[in-house]
Structures are given as structure tokens and as C-alpha cells.
Amino acid sequence: MNDAPRVVLAPDKFKGSLTAPEVAAALAGGIARVVPGAVIRQVPVADGGDGTVDAFVAAGWERVEVRAPGPTGVVGPASYARQGDTAVVELAAVVGLVKLPGGQLDPLHSGTHGLGVVIGHALDAGARHIVIGLGGSASTDGGVGMLTALGARVFDAQGHELPSGGAALADAATLDRTGLHPAVATTRFTLACDVDNPLLGPTGAVAVYAPQKGANLAQRATLEAALANWSRVAGPEYADVPGAGAAGGTAFGALAFLNAEVRSGIQVVLDLLDFPTLLAGTDLVVTGEGSFDAQSLHGKAPIGVASRARRADLPVIAAVGRNMLSDNEIQAAGFTACYALTDLEPDPARCMTAAQSLLHRLGEQIAERHLKR
């Protein structure tokens, strides 16, 4: 058994179809059928967006259950992952688009208060390094909801506290940071983020992301003006930091109030999972995601995994839902090969519904061609 092939499966989710742990399990089943003696390590990953907490729980971290307001204030279940004094909080799972009641978009008034509630819970429990996964946001509130939940106060010119939502930031005039959670001063905040958008302008939070949150042209103008005012009040020096516009400007609020650091989401996740140690003695790495396309090349999970595998001089294979990249692009990104569900089933809808069985078959193919001895 000492010469049994060893493989690490480190896929991201197949969005709308399977979670990352489900993808890894399906691939593992296919590999094990062809090479029964293979030593398979399942290490599902994420890039800071939805599925990030699940990835850490799959790696053995504790899931902490809490209740927190969603983006429109409706209180519901939420959770974060914890190991030692480190907590991983996922914005999408607390105040993301998936948490909108009935999927009803509310671009002007949705907020991040619930995210601050979850962060506060982690601080109270002793966390002193908090990783905030940014992605899938339902709001464009510049992080003000998160900050007020942590004890900051924002007032208009008449001294009234602002209501929730991005539109209200147009009236922000003064700040009171004195009530900020005392543990903030001794806590390191890391923003796991896979975008580099600034807060404002043609590549900012509103222009790029507000349309997918339901904002029409007039609402976008309202939100852009509101965020511009918020940046003047809260810290204009942070508005142009790459990534400040992430999650509707939540990153900006964290930079201005929490002294946070923006880092590549997948790199943060791989560091916390101690990925180099997991690769020791491995023969093959398999990663993937639902859609492998040009956007993937800009710091998405599979590229991050591939870079770590190459650093360890290991071959890495992509197992994906659909492949939109050329062979040259795939090779240039460091992959030995790419296998797609659409190679087995051309119908995209069928690929979505039958992803589990198709991934099992991809696992068989990978084992036959790259592991069988």
C-alpha cells in the first residue's frame, strides 16, 4: 500500500448545483472505483464568497450557530467557523443575496447589520483574528450596517442616527467611534476578497455590482452619490484602495474602521487550511469550479490551488462544469489537463441536474489517465 497513489481534491463549489464538499465527494467516488487503493484527501475550498464557512467546517473547524438579521432586517439562522482564536465569517451567508426574503431585491435599503452581529459574537467568544469572506452581497451600504452593529454611530446634520441601507449615506455628516466594540482594537481583520474594485467611479461598487442587486439607473446614481458622501465622512484615503468596493463597499467600511487588510480570498483560505502541509507526499492535485472562464484566471479558487500545486512541483488537473478557456490558456495557468462535465453531457441544464453522477465519471477518467499504475 506504500506505493498507492495519493491525490488531493480541492475544488470550489459548482454554483447552483453542488457545494464544494459535494464536488470533492463525487470526484473521490469515481477515483476510488478505478483505483481502490488510492489515498484521497478531500479539501474543499472557496474564495471568500458563498461556501467559505462550509469549506472550513469540512476541514474540521467548529461551526458556531448564531441568529442575525439578514439584509432587510429579518432575523434568521447564521453561522461562522472557528478554530482557536481565528473566526471565519461569510458575508454571503448572513446578508447576501441568498438571504433576501423571497429573493425580493431592495438595493437602496438592504444593509450589512447582520454581518456586524456575527462579527460581534465572534469577538465576544474570544476571536482575535477575524477573516471576513466578501462576496454575494445584497447591499451597497459601504459597510455602515456592519459598523453600527459593532457600536459605531453615524449621524446626519441634525444629529439623528441614520436608518439602514446605502441610500441613507447621502445624509451622513458625523461619526462617533467611541462605542466601537473594545476588542476591535486588539483584533486583526482580514478581508478575503477576489476583486480589486475601488469604492467609487466606473469600476466601483455601484457601477459594477449594483445592477445585479436590482438597482436601476436612478437608484445607481443615488447610491453612487451616497457612497461618495460616506467616503468623505468616513475616510476618503481608503476609497481608492484596491478591493475597497467589494461587497457594496463593505470592504471600505472595514478598512476605515477596523484597520482591515484586503487579501486574495483563495490565498487566505489556503493559508488557513495549511495547504502546503496537506500537499506533502501527494502525487496529484485536482481542483475546479462550475464555470472555468476568463474570470477564473483573475484569482479564482482553481488558479490559487494550481499556483500552490506548482510551487510544490505537483501536477494539477481542473475538473469543471464547463470549460470556456483554450488549451493554451489552461496550460499557461499551470494545469496538466482540464475535464468538463459538458464533455460528457452537452446540455448545460442536464449538467446542472446530473452534476454528481457526471463528476463521478470525471473522477473515473482522471484516475484512469493520471493515477492508474
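Please refer to the structure higher up on the page.
Note that the structure is a prediction, hence the values are computed from the model and not measured. (Residues numbered from 1 in each chain as written. Predicted model: local features only at pLDDT ≥ 70, side-chain atom pairs only at ≥ 80, totals over all residues. Heavy atoms only, no water.)

(A) Spotlight on the environment of Pro 242. Assignment of secondary structure puts Pro 242 in the loop between helix H7 (217-234) and helix H8 (246-258). When the C-alpha positions of Pro 242 and Phe 252 are compared, they lie 9.7 Å apart, and in sequence the two are ten residues distant. If we ignore the near neighbours within four places in the chain, the residues touching Pro 242 are Asp 196, Asn 197 and Val 262. (Helix = DSSP H or I, 4+ residues; strand = E, 2+ residues; numbered from the N terminus. Contact = heavy atoms within 4.5 Å.)

(B) Inspection of the side chain of Thr 86 at higher detail. Mapped onto the elements of the fold, Thr 86 is located in strand E5 (residues 86-90). In this structure, Thr 86 is in contact with Trp 61, Ala 81, His 129 and Leu 272, ignoring residues within four places of it in sequence.

(C) Examining the sheet that holds strand E6 (residues 129-133) more closely. Pairing is mixed in the open sheet, where six strands are placed in the order E3-E4-E5-E6-E9-E10. Two strands close off the open sheet at either side, each with one partner strand: strand E3 (62-69) and strand E10 (261-264). Here the strands of the sheet are splayed against their neighbours by 30° on average, with no regard to which way each runs. Sheet topology note: the strand E4 (residues 75-83)/E5 ladder contains three bridges and is antiparallel. Bridging across to E5, Arg 82 finds its partner in Ala 87. Packed on one face of the sheet, helix H4 (residues 113-124) meets E3, E4, E5, E6 and strand E9 (188-193) and runs near 135° to E3. (Pairing = 2+ DSSP bridges. Axes fitted to C-alpha atoms, helices over the stretch in contact; angles between N-to-C directions.)

Bear in mind that shape data such as this cannot, by itself, settle questions of function.
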